[in-house]
Amino acid sequence: MTKDDVIRMAETQLHRWWLSDEKLERFANLVAAHEREECAKVCDDKYKEFPEEENDYAYADAAKGLAASIRARGTT
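Residues numbered from 1 in each chain as written. Predicted model: local features only at pLDDT ≥ 70, side-chain atom pairs only at ≥ 80, totals over all residues. Heavy atoms only, no water.

Participant: Just to check I follow, could you spell out the environment of Ile7 for this structure?
Facilitator: Along the chain, the position of Ile7 falls in helix α1 (residues 3–13). C-alpha of Ile7 to C-alpha of Val31: the two residues are 24 residues apart in sequence and 9.9 Å apart in space. Ile7 has contacts with Leu24, Glu25 and Ala28, leaving out every residue within four places of it along the chain. (Helix = DSSP H or I, 4+ residues; strand = E, 2+ residues; numbered from the N terminus. Contact = heavy atoms within 4.5 Å.)

So, in C-alpha coordinates, the structure goes:
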(Lines give C-alpha, C1' and ligand atoms only; values in the text may rest on other atoms or scores of the structure.)
Protein backbone atom coordinates (compact mmCIF):
# COMPACT_ATOMS: atom_id res chain seq x y z
CA MET A 1 0.00 0.00 0.00
CA THR A 2 1.36 3.36 -0.97
CA LYS A 3 0.87 6.74 0.61
CA ASP A 4 -1.45 7.68 -2.25
CA ASP A 5 -3.57 4.58 -1.57
CA VAL A 6 -3.94 5.66 2.07
CA ILE A 7 -4.94 9.16 1.02
CA ARG A 8 -7.55 7.82 -1.41
CA MET A 9 -8.98 5.51 1.26
CA ALA A 10 -9.09 8.29 3.83
CA GLU A 11 -10.78 10.65 1.38
CA THR A 12 -13.57 8.16 0.77
CA GLN A 13 -14.13 7.60 4.49
CA LEU A 14 -13.51 11.04 5.97
CA HIS A 15 -15.00 14.39 5.21
CA ARG A 16 -12.42 16.60 3.53
CA TRP A 17 -13.22 19.45 5.90
CA TRP A 18 -12.07 17.34 8.83
CA LEU A 19 -8.48 16.91 7.64
CA SER A 20 -6.41 19.46 5.79
CA ASP A 21 -4.22 18.25 2.93
CA GLU A 22 -1.18 18.62 5.18
CA LYS A 23 -2.70 16.52 7.97
CA LEU A 24 -3.89 13.91 5.50
CA GLU A 25 -0.39 13.70 4.04
CA ARG A 26 1.16 13.28 7.52
CA PHE A 27 -1.40 10.59 8.37
CA ALA A 28 -0.62 8.72 5.14
CA ASN A 29 3.11 8.92 5.85
CA LEU A 30 2.58 7.45 9.33
CA VAL A 31 0.51 4.58 7.97
CA ALA A 32 3.05 3.83 5.24
CA ALA A 33 5.95 3.92 7.73
CA HIS A 34 4.12 1.54 10.05
CA GLU A 35 3.39 -0.87 7.20
CA ARG A 36 7.02 -0.79 6.03
CA GLU A 37 8.26 -1.53 9.54
CA GLU A 38 5.86 -4.47 9.92
CA CYS A 39 7.10 -5.91 6.62
CA ALA A 40 10.72 -5.43 7.66
CA LYS A 41 10.01 -7.23 10.95
CA VAL A 42 8.80 -10.27 9.00
CA CYS A 43 12.18 -10.33 7.24
CA ASP A 44 13.97 -9.90 10.58
CA ASP A 45 12.06 -12.88 11.98
CA LYS A 46 13.01 -15.00 8.96
CA TYR A 47 16.64 -14.00 9.37
CA LYS A 48 16.58 -15.27 12.96
CA GLU A 49 15.17 -18.63 11.83
CA PHE A 50 18.32 -19.60 9.94
CA PRO A 51 20.71 -21.43 12.28
CA GLU A 52 24.35 -20.54 11.72
CA GLU A 53 25.50 -24.12 11.93
CA GLU A 54 23.52 -25.07 8.80
CA ASN A 55 25.45 -22.66 6.56
CA ASP A 56 22.31 -20.84 5.47
CA TYR A 57 24.24 -17.59 5.27
CA ALA A 58 22.89 -16.75 1.80
CA TYR A 59 19.29 -16.96 3.02
CA ALA A 60 20.07 -15.07 6.20
CA ASP A 61 21.89 -12.34 4.25
CA ALA A 62 18.99 -12.08 1.80
CA ALA A 63 16.46 -11.71 4.62
CA LYS A 64 18.64 -9.11 6.35
CA GLY A 65 19.12 -7.24 3.08
CA LEU A 66 15.39 -7.22 2.36
CA ALA A 67 14.63 -5.80 5.81
CA ALA A 68 17.19 -3.03 5.26
CA SER A 69 15.80 -2.25 1.79
CA ILE A 70 12.26 -2.02 3.08
CA ARG A 71 13.29 0.35 5.87
CA ALA A 72 15.31 2.46 3.41
CA ARG A 73 12.21 3.10 1.28
CA GLY A 74 11.02 5.52 3.93
CA THR A 75 14.16 7.63 3.73
CA THR A 76 14.44 8.07 -0.03
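Structure shown, so let's carry the discussion forward.
Participant: Any chance you could explain the packing of helix α2 (residues 21–49) against helix α3 (residues 57–72) here in plain terms?
Facilitator: With their axes 8 Å apart at the nearest point, α2 and α3 run at an angle of 165 degrees to one another. Looking at the two axes, α2 sits roughly antiparallel to α3. Handedness of the crossing formed by α2 with α3: left-handed. Of the residues in α3, those touching α2 at Arg36, Glu37, Cys39, Ala40, Lys41, Cys43, Asp44, Lys46 and Tyr47 are Ala60, Ala63, Lys64, Leu66, Ala67, Ile70 and Arg71. Tallied by class, the residues present in the contact of α2 with α3 amount to nine nonpolar, no polar and seven charged. (Axes fitted to C-alpha atoms, helices over the stretch in contact; angles between N-to-C directions. Parallel < 35°, antiparallel > 145°, perpendicular 65-115°, else oblique. Left-handed = near helix turned anticlockwise from the far one by under 90°. Nonpolar A, V, L, I, M, F, W, Y, C, P; charged D, E, K, R; others polar.)

Participant: What is the right way to look at the environment of Leu30 in this model?
Facilitator: Note on placement: Leu30 falls in helix α2. Using a relative accessible area of 61% as the deciding quantity, one classes Leu30 as exposed. (Buried < 20%, exposed > 50% of the residue type's maximum accessible area, 1.4 Å probe, protein only.)

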